Amino acid sequence: MKIARFSTGAELRYGIVDGLPADEAVPCGESAGRLLALKGDPFYTAPEATGEAIALTEVRLVSPVIPRSKVVGIGKNYAAHAAEMGTAAPPEPIVFIKPNTAVIGPDTPIVLPEWSDEVHYEAELAVVIKSVVKNASPLQAAAAILGYTVANDVTARDCQRADETWTRAKAFDTSCPLGPWIEIPEPGADGPGFDPASAVVRARVDGRIVQEGTTADMIHPVPELIAYVSRVFTLLPGDVVLTGTPAGVGEIRAGQRVAVEVEGIGSISNPVVTS
Ligand code: MG
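Now for a look at the structure at hand. (Residues numbered from 1 in each chain as written. Predicted model: local features only at pLDDT ≥ 70, side-chain atom pairs only at ≥ 80, totals over all residues. Heavy atoms only, no water.)

1. Some remarks on the sheet that holds strand S18 (residues 250-251)
What counts, and what does not: Here, a strand pair is defined by DSSP locating no fewer than two bridges between the strands. Helix numbers and strand numbers start at the N terminus; a helix is a DSSP run of H or I with at least 4 residues, a strand a run of E with at least 2.
One open sheet accounts for 3 strands, arranged S13-S10-S18; its pairing is antiparallel. With partners counted over all chains shown, the strands left at the sheet margins are strand S13 (155-156) and S18, one partner each. Both strand S10 (residues 119-121) and S13 contribute to a ladder of 2 bridges, which runs antiparallel. The residue bridging Val119 from the neighbouring strand is Ala156, located in S13.

So this is what it looks like as structure tokens:
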């Protein structure tokens, strides 16, 4: 089940994405799908349809969640990406924070900061948390996951190299496109549903594939990552954990459009502008 957050005017609502074509990775806005509007907030109540159905082309999708407390990023969770950064993979996950002011939804511009000359895309699987997690085992951590979405961990690479911490490089406004919706795996007769351990992750710049990898190559798989993070921070409902990027990161420039995609979830596309 895919749950999106959307606006048809001033009000933001949630809806179940229905009727997508077989290729689910179509950019939002070009899809034949529709939204089945939901009552309330699916983070706190079971999804209940209002009976209203709205074409995806008639709505503006927004980030499916604005975390109340934090987006947690994980650095160098793919050996090939650590190698392209000129380092070995670290023995333990590198943890950093992106504040909720970094989060944007589909089609919202990524604003390049004027203090950076080298901003990169990083296509990533993102995990959405549904319940409080602290000092969890991997099994407990897995049980606290609501679902998955797609993130672009936009990074000011020159500042990441130059600064003592990654804060400026990773946490600036608009540096965390999230969406287009949350995929909630539904085990059924035809299989376990979306599998975060074997999903293809991709980035495109102006339609050209520039990064492609699989979550099967993660050094620390999702339940271990969430368990590790929960020993550093208490994770709250609506918090998001980015799981690291595969090899193939590269620069984005003003005037381009960057899309990141996880097969089985969807694609989020954003224009790039100068400040
Ligand atoms: Mg990253």
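2. Remarks on the sheet that holds strand S15 (residues 200-205)
Note the following rule: Convention adopted: a line fitted to C-alpha atoms gives each axis, helices being fitted over their contacting stretch, and angles between N-to-C directions are expressed from 0 to 180 degrees.
The sheet built from 5 strands is open, its strands ordered S9-S20-S19-S15-S16 with mixed pairing. Of all the strands in the sheet, just strand S9 (110-112) and strand S16 (208-214) have a single pairing partner and so form its edges. Strand-to-strand twist in this sheet, taken as the mean axis angle between neighbours without regard to direction, amounts to 20 degrees. Of the strand pairs in this sheet, S15 and strand S19 (residues 257-262) are connected by 5 bridges, and their pairing is antiparallel. Bridging from a neighbouring strand, Val205 pairs with Val258 of S19.

3. A word on the coordination of the magnesium ion
Stated formally: Coordinating N, O and S atoms are those within 2.8 Å of the metal (3.2 Å for Na, K and Ca), and as water is not part of the atoms, a site may appear to have fewer donors than expected. The classification of residues rests on relative accessible area computed with a 1.4 Å probe and restricted to protein chains. Under 20% of the type maximum is buried, over 50% is exposed, and intermediate values are partly exposed.
Surrounding the magnesium ion are the protein donor atoms Glu122 (OE), Glu124 (OE) and Asp153 (OD), at 1.9 to 2.1 Å. Read in sequence order, the donor residues for the magnesium ion give the motif E-x1-E-x28-D. Placement of the pair is Glu122 in the loop between S10 and strand S11 (123-129) and Asp153 in the loop between strand S12 (145-152) and S13, with a sequence separation of 31 residues. Here Glu122 and Asp153 have matching classes, each one buried.

4. So, unusual backbone geometry
Here the residue pair Gly179 and Pro180 is connected by a cis peptide bond, since its omega of 5 degrees sits within 30 degrees of zero. Relative to the elements of secondary structure, Pro180 occurs in strand S14 (residues 176-183). One non-glycine residue, Asn135, lies in positive phi territory at about 50 degrees. Relative to the elements of secondary structure, Asn135 occurs in the loop between S11 and helix H2 (138-143).

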